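Overview (structure and organization)
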Amino acid sequence: MLLHLQTWPDVERYLAGNDSIIIPIGSTEQHGPNGLIGTDALCAEAVARAVGDRVGSLVAPTIPVGMAQHHLAFAGSMSLRPSTLIAVVKDGVFSLARHGFRRFYFVNGHGGNIATVQAAFSEIYAEASLVKTGNQPALQCRLRNWWQADGIASLSRELYGNAEGSHATPSEVSLTWHLHPEAARPMRLEPEIAPTGDFSDAADYRRRFPDGRIGSNPGLASVEAGKRLMEVAVAGLVEDYRRWIAA
Ligand SMILES: [Zn+2]
């Protein structure tokens, strides 16, 4: 059930029996030589929508651009400042809270969003505690990364071992190819496994990781692996969502 395909009376009826909503959040940034710019938004959106179908929850429109400053030395990458992303998350949550939504389950596709989205949750809680008075039910926000759903780490290890890496991973690239098989570009990369390490800003990132990958070999990605990863991610987050709602 997608929020943007409902009417307002539909949403009012939904709110009579359910106060939760799922919000996909991704990023629009380089994903190595054969991964799509939209990888993180595509993965978060597909997983979130499938979870929403399984648990009967509304799913909000995807937040497609995240905190990706460190990817800006590669063509096509877009970023919000942390302060902008905090404002986007806060305004989205408070818009929905006005109608009666109380529980916000974010499905995230990008590691670079985590610190900023958690800071946005702290801002939301601070505003509720410091500014609002009365006994309105508290807002609850939760952030889950699809690649940390139960079962994904072991499946990625089984599929790719030490070629999984941390950016432009064969797992996330596989998931996008499952969603868009026409985009699949398996290839031999040199070096096969990209370097690992720290970085500071965008220029430093490109110097250390010239083709955009970190520690990974997305040349091994496949449509078939993407299908398995999708099923496991959805099952893991369905369980997590149900436990959270029940608690
Ligand atoms: Zn990614």
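Going by the structure above, here's the rest.
Residues numbered from 1 in each chain as written. Predicted model: local features only at pLDDT ≥ 70, side-chain atom pairs only at ≥ 80, totals over all residues. Heavy atoms only, no water.

1. Examining helix 6 (residues 170-179)
Burial runs high along helix 6: 8 of the 10 residues are buried. Listed as buried for helix 6 are P170, S171, E172, V173, S174, L175, T176 and W177. Where helix 6 is buried, its residues meet helix 2 (39-55), helix 5 (152-160) and helix 8 (223-246). (Buried < 20%, exposed > 50% of the residue type's maximum accessible area, 1.4 Å probe, protein only. Helix = DSSP H or I, 4+ residues; strand = E, 2+ residues; numbered from the N terminus. Contact = heavy atoms within 4.5 Å.)

2. Some points on the coordination of the zinc ion
For a metal with four donors in a tetrahedral arrangement, the ideal angle between donors is 109.5 degrees, while six donors in an octahedron ideally sit at 90 or 180 degrees. Each protein donor to the zinc ion is listed here as H31 (NE2), D40 (OD) and E172 (OE); together their distances run 1.9 to 2.2 Å. For the zinc ion, the donor residues sit on a single chain with the sequence spacing H-x8-D-x131-E. Of this pair, D40 sits in helix 2 while E172 sits in helix 6, and the two are 132 residues apart along the sequence. For the pair D40 and E172, a shared accessibility class is recorded, and that class is buried. (Donors = N, O, S within 2.8 Å, 3.2 Å for Na, K, Ca; no water.)

3. Some thoughts on the packing of helix 5 against helix 8
Each pair of packed helices can be summarised by the angle the axes make with each other and by the distance between the axes. Here helix 5 crosses helix 8 at 165 degrees, and the two axes come no closer than 10 Å. Considering their axes alone, helix 5 and helix 8 lie roughly antiparallel with respect to each other. In terms of crossing hand, the pair formed by helix 5 and helix 8 is right-handed. On the side of helix 5, the interface is formed by I152, L155, S156, E158, L159 and Y160, while helix 8 contributes A225, R228, L229, V232 and A233. Of the residues that constitute the contact of helix 5 with helix 8, the class distribution is 8 nonpolar, 1 polar and 2 charged. (Axes fitted to C-alpha atoms, helices over the stretch in contact; angles between N-to-C directions. Parallel < 35°, antiparallel > 145°, perpendicular 65-115°, else oblique. Left-handed = near helix turned anticlockwise from the far one by under 90°. Nonpolar A, V, L, I, M, F, W, Y, C, P; charged D, E, K, R; others polar.)

4. Things to note about the sheet that holds strand 4 (residues 140-145)
Read across the sheet, 4 strands follow the order 2-1-3-4 without closing on themselves; strand pairing throughout is parallel. Lying at the two open borders of the sheet, with one neighbouring strand each, are strand 2 (58-59) and strand 4. Across 6 bridges, strand 3 (residues 103-108) lies against strand 4 in parallel orientation. Counterpart to R103 in the pairing with strand 4 is Q140. Contacts from helix 8 reach strand 1 (20-25), strand 3 and strand 4 within the one sheet, and its direction differs from that of strand 3 by about 160 degrees. (Pairing = 2+ DSSP bridges.)

5. Focus on the nonpolar core
One finds I21, V89, F101, F104 and F106 to be the most contacted residues of the largest nonpolar core, which totals 30 residues. When residues of this core are traced back to their parent elements, those giving at least two are helix 1 (8-17), strand 1, helix 3 (82-99), strand 3, helix 4 (114-130) and strand 4. Ranked by the residues each element gives to this core, the list is headed by helix 3, at 7 residues. Beyond its immediate sequence surroundings of up to four residues, F104 is in contact with I21, I23, V93, L96, A97, L139, Q140, C141, R142 and W244. (Core = buried A, V, L, I, M, F, W, Y, C linked by side-chain atoms within 4.5 Å.)

Purely spatial values, then, with no claim about function.
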